[in-house]
Amino acid sequence: MQAVTLGPAGTYSHRAARAVADEVAFRESVSAIVDAVDTGTYDRGVVPIENSIEGSVTETLDAIADANIAVTREIVTPIRHALLAQSDSFSTVASHSQALAQCRTYLETEYPNATLEAVTSTARGVERAREDASVAGIGHPDNAGDGLRVLAEDIQDRSSNATRFFVLAPASERSDAGGKSTVVVYPNANYPGLLLELLEAFAERDINLSRIESRPSGNRLGDYLFHIDFEAGLYEERAQEALESVDDIASRGWVKRLGSYDTQHVLY
Ligand SMILES: O=C(O)C(=O)C[C@]1(C(=O)O)C=C[C@@H](O)C=C1
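Residues numbered from 1 in each chain as written. Predicted model: local features only at pLDDT ≥ 70, side-chain atom pairs only at ≥ 80, totals over all residues. Heavy atoms only, no water.

1. Structural notes on the packing of aromatic side chains
The geometry of an aromatic ring pair comes down to the distance between the two centres and the angle between the two planes. For the structure on display, the rule yields five aromatic pairs. With centroids separated by 4.8 Å and ring planes inclined at 45 degrees, the aromatic side chains of Phe-90 and Tyr-111 adopt a geometry described as tilted. Here Tyr-111 lies in the loop between α5 (104-110) and β8 (115-118) and Phe-90 lies in the loop between β6 (82-85) and β7 (92-95), a separation of 21 residues in the sequence. Of the residues examined, Phe-90 reaches a relative accessible area of 11% and is grouped as buried. Linked through ring pairs, Phe-90, Tyr-106 and Tyr-111 together constitute an aromatic cluster. When the ring centre of Trp-254 is taken as reference, the NZ or CZ atom of Lys-256 above it lies at 5.6 Å. (Phe/Tyr/Trp six-rings, centres within 6.5 Å; stacked < 30°, edge-to-face > 60°. Helix = DSSP H or I, 4+ residues; strand = E, 2+ residues; numbered from the N terminus. Buried < 20%, exposed > 50% of the residue type's maximum accessible area, 1.4 Å probe, protein only. Lys NZ or Arg CZ within 6 Å of the ring centre and 35° of its normal.)

Structure representation (C-alpha cells):
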C-alpha cells in the first residue's frame, strides 16, 4: 500500500506513515495530502491532528471538515526534537511552526537572539540548515546525516511531547468498527444551550468525549463547526443513538461521520 504524507523525507509524519505503508509519497502541505486522498490519487494519507504541547493542527481540522474522506486509524508517537546545524554559529532557526512552538522555552533560554523561521516541515528546516551555515533546523536527530551536527537533543519543552496523526482513506472505506470515532458537526444555529445539548447527547449515553474543538465555519463571525472524538465505535447502539440526537441538533446544518478506528502507538 502507498501512503502520502508531509514531506520531504524525514518528517515526523513520514515516520508515522511508515507504520501503515511500505511506500510513502510526499506533499508540501496537509491540504494537498487530504486532497490527494479525496480525489483517489492515494489510498492512504497520514496527517498530524494534535500535539500534547501545542494542541490542534488547525490546517488539518479545516481540510478534513471540507473533504469527503474516512479516518481509519490514529497513530500516536513521541516527538523528540534535536537542534541540527553545520556549527553552533547560526543566527536563524528554521522548522515547522508546531516544532518551533514545542521548543519555545528552550529557544528563548538558549538562543534568545535567533530569528525563528517557519517552514513547511521539520525536514524542510533541516534542508535549509544543510544548505546554509547561518541556519539551524529542528527535527528528528536521524536527519543530521552528513554535514550537520546534532547540537542538542530532547529540546522540546516537555519530555512527554507526543503528536497524534490520523490515517485517512477514501470515504468508501469508512468503518463502524473500532474503539474511537470522529464526527464533524456544523449546527448552523446559535442559541443558549446549543453546545450543552451536543455534550448531553454523549453524556446521557455514558460516552466519553476525548476531544472537542470548535473551528470557525468561515461563513460569518461567531459561527462554528465542532470536531468531536468519542470513545465508542459507530457499531454500538449508544453511539448510533447519540448521533441521531446530534443529527436533530444539527438539522439546519450537517453532521459528517469520519468513521471508527483504533489507536496504534508508534515508537522509533
Ligand atoms: O514537520 C514535520 O515533521 C511534521 O510531520 C509536522 C508536525 C506537525 O504538524 O505537528 C508533526 C509532528 C510534530 O508535532 C511537528 C510537526
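We are not done yet, so read on.
2. As for the site of the ligand
Taken together, 13 residues lie near the ligand, and Tyr-12, Ser-13, Gln-102, Thr-122 and Thr-163 sit nearest. At 2.9 Å from an oxygen atom of the ligand is found a main-chain nitrogen or oxygen belonging to Tyr-12. Take Gln-102: an N or O atom from its side chain is 3.0 Å from an oxygen atom of the ligand. When the ligand sits alone it has 360 Å² of accessible area, and the protein chains cover 100% of it. Within the residue set of the shell around the ligand, elements represented by two or more residues are α1 (12-17), β3 (44-51) and α4 (97-102). (Near = heavy atom within 4 Å. Polar contact = N/O pair within 3.5 Å; in protein donor to acceptor, adjacent residues only side chain to side chain. Areas by Shrake-Rupley, 256 points an atom, 1.4 Å probe, with all protein chains shown as cover.)

3. Some remarks on the packing of helix α7 (residues 194-203) against helix α8 (residues 237-249)
One can describe the packing of α7 onto α8 by two numbers: an axis separation of 8 Å at closest approach and a directional angle of 165 degrees. Between α7 and α8, the crossing angle belongs to the class labelled roughly antiparallel. In this structure, the crossing between α7 and α8 has a hand that is right-handed. Counting all contacts with α7, which are made through Leu-194, Glu-197, Leu-198, Ala-201 and Phe-202, the residues of α8 involved are Ala-242, Leu-243, Ser-245, Val-246 and Ile-249. (Axes fitted to C-alpha atoms, helices over the stretch in contact; angles between N-to-C directions. Parallel < 35°, antiparallel > 145°, perpendicular 65-115°, else oblique. Left-handed = near helix turned anticlockwise from the far one by under 90°. Contact = heavy atoms within 4.5 Å.)

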